[in-house]
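Chain by chain, the residues run as shown.
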Amino acid sequence: MATDELSSKLSRRLQIEEGAEEPVAVDFFGTQDGSEDKPSTANADSELGAKLQRREELNEGQGEHQQPSMKVLNPYTEFKEFSRGQIKDMEKMFKTFDAGKDNYIDLMELKLMMEKLGAPQTHLGLKNMIKEVDEDLDNKLSFREFLLIFRKSAAGELAEDSGLCVLARLSEIDVSTEGVKGAKTFFEAKVQAISESNRFETEIRQEQEEKKKQLEEQKVRRAAFKDLQSAFK
């Protein structure tokens, strides 16, 4: 039987080489006519196609589970109603009470802050204070949300007896002057915008001059120290 089978295979190969018979593809599952699809291959192709389509949707921002982009806060451009000096004061106060140094003020840190300001609040009162400006609902205050307290205070949007109003009033940061947002007409807004821009540039220039002055003083001190050193050599 083995000899007959081998003879048959050799005869078939000769016929194929001479062109007398067309070769037939044989798959791993014994199918010779190629009329039946391989289920595993079809499923794999379908799955790969779905994944590629999903990735394309994510790249185009159409996917449902796309992670939101993290926006970097620039307080000087977002909170234009405040001067650089006011924002720096708010930042200093924020960092003072951010005991955990995680860039957030949580419930306990807010409790300590209000006690230091001489206006202690109840647990519920503290939670309500956070809730009023907690835009991302994480039950703590980011620096941006902290700035919102003073924006709302300047705009008169805080109830007089609210904890946030007390915080803004006792913080010793003057936020009584509103910026462009408070202008009544377009012309007034334009004038005020130019004024705000000029003030911003002036403050930056003053900071640069102050730094330059400090550097010059450091150079003078270094030179004096070197002269003193050389005198002892």
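Residues numbered from 1 in each chain as written. Predicted model: local features only at pLDDT ≥ 70, side-chain atom pairs only at ≥ 80, totals over all residues. Heavy atoms only, no water.

### Here's the deal with the overall build of the protein
Right, so step 1: Looking only at helices and strands, one finds 9 helices and 0 strands in the protein.
Right, so step 2: What you see in the protein, going N to C, is helices and strands ordered as α-α-α-α-α-α-α-α-α.
Right, so step 3: When burial is assessed residue by residue, the protein has 24% of its 233 residues classed as buried.
Right, so step 4: Across the protein, contacts joining residues at least 24 apart in sequence account for 47% of those joining residues at least 6 apart.
Right, so step 5: Here the protein displays about 17,800 Å² of accessible surface, and carbon together with sulfur accounts for 53% of that area. (Helix = DSSP H or I, 4+ residues; strand = E, 2+ residues; numbered from the N terminus. Buried < 20%, exposed > 50% of the residue type's maximum accessible area, 1.4 Å probe, protein only. Contact = heavy atoms within 4.5 Å. Areas by Shrake-Rupley, 256 points an atom, 1.4 Å probe, with all protein chains shown as cover.)

### Comments concerning the UniProt feature "domain: EF-hand" (unreviewed entry) in the protein
Right, so step 1: The UniProt feature table records "domain: EF-hand" (unreviewed entry) at residues 85–120 and 121–156.
Right, so step 2: The distance separating the terminal C-alpha atoms of residues 85–120 is 27 Å; by composition the span is 64% helix and 0% strand.
Right, so step 3: Split by type, residues 121–156 is 64% helix and 0% strand. Its first and last C-alpha atoms lie 21 Å apart. (UniProt positions renumbered as here; feature names shortened; annotations may be inferred.)

### Points about the nonpolar core
Right, so step 1: Judged by nonpolar contacts, the single largest core of 32 residues is most densely connected at L110, F146, I149, F150 and L167.
Right, so step 2: For this core, the secondary-structure elements that each account for two or more residues are α4 (84–97), α5 (107–116), α6 (123–133), α7 (143–154) and α8 (163–170).
Right, so step 3: In contact with L110, not counting residues within four places along its chain, are I105, L126, M129, I130 and L167. (Core = buried A, V, L, I, M, F, W, Y, C linked by side-chain atoms within 4.5 Å.)

### Considering the pattern of salt bridges
Right, so step 1: Taken as a whole and assessed by the stated rule, the structure comprises 7 salt bridges.
Right, so step 2: R151 serves as the salt-bridge partner of E81, at 2.5 Å between the closest nitrogen and oxygen. Taken together, the residues span a long stretch of sequence, with E81 in the loop between α3 (75–78) and α4 and R151 in helix α7 at a distance of 70 residues.
Right, so step 3: With relative accessibility at 13%, the residue E81 sits in the buried group.
Right, so step 4: Here the salt bridges do not stand alone but share partners, grouping E78, E135 and R144 into one network. (Salt bridge = Lys/Arg side-chain N within 4 Å of Asp/Glu carboxyl O.)

### What to know about the packing of α7 against α8
Right, so step 1: Closest axis-to-axis distance for the α7/α8 pair is 9 Å, and the angle between their directions is 90 degrees. Between α7 and α8, the interaxial angle falls into the category roughly perpendicular. Seen from α7, the contacting residues are F146, I149, F150 and S153; seen from α8, they are L164, L167 and A168.
Right, so step 2: For the contact of α7 with α8, the residue count by class is 6 nonpolar, 1 polar and no charged. (Axes fitted to C-alpha atoms, helices over the stretch in contact; angles between N-to-C directions. Parallel < 35°, antiparallel > 145°, perpendicular 65-115°, else oblique. Nonpolar A, V, L, I, M, F, W, Y, C, P; charged D, E, K, R; others polar.)

### Topic: unusual backbone geometry
Right, so step 1: Here N103, not a glycine, exhibits a phi torsion of approximately 65 degrees, which is positive.
Right, so step 2: Mapping N103 onto the fold places it in the loop between α4 and α5.
Right, so step 3: Residue classification places N103 among the exposed positions, given a relative accessible area of 54%.
Right, so step 4: Phi at N139 is positive, roughly 65 degrees, even though this residue is not glycine.
Right, so step 5: Looking at where N139 falls in the secondary structure, it is placed in the loop between α6 and α7.

### A closer look at a positive patch on the surface
Right, so step 1: On the surface, K219, R221, R222 and K226 cluster together to form a positively charged patch.
Right, so step 2: Checked against the element boundaries, K226 lands in helix α9 (residues 186–231). (Patch = residues over 30% accessible without salt bridge, like charges linked within 9 Å, V, L, I, M, F, W, Y side chains within 5 Å. Lys, Arg positive; Asp, Glu negative; His and termini not counted. Charge placed at Lys NZ, Arg CZ, Asp CG, Glu CD.)

### A short note on the packing of aromatic side chains
Right, so step 1: Counting across every chain of the model gives 3 aromatic pairs.
Right, so step 2: By way of ring pairs, the aromatic residues F94, F143, F146 and F150 are connected into one cluster.
Right, so step 3: Between the NZ or CZ atom of R84 and the centre of the ring of Y76, over which it lies, the distance is 4.4 Å.
Right, so step 4: Seen from the ring of Y104, K140 lies directly overhead, with NZ or CZ sitting 4.3 Å from the centre. (Phe/Tyr/Trp six-rings, centres within 6.5 Å; stacked < 30°, edge-to-face > 60°. Lys NZ or Arg CZ within 6 Å of the ring centre and 35° of its normal.)

### Focus: the side chain of D98
Right, so step 1: Of note, D98 is situated in the loop between α4 and α5.
Right, so step 2: The side chain of D98 sits in the buried core without any salt bridge; K101 is the nearest counter-charge, 5.9 Å away.

### As for the packing of α5 against α6
Right, so step 1: Look at α5 against α6: their axes get within 10 Å of each other, and the N-to-C directions meet at 105 degrees. One element, α5, and the other, α6, form an angle in the roughly perpendicular class. Across the interface between the two elements, L107, L110, K111 and M114 from α5 touch H123, L126, K127, M129 and I130 from α6.
Right, so step 2: Classifying every residue of the contact of α5 with α6 gives 6 nonpolar, 1 polar and 2 charged.

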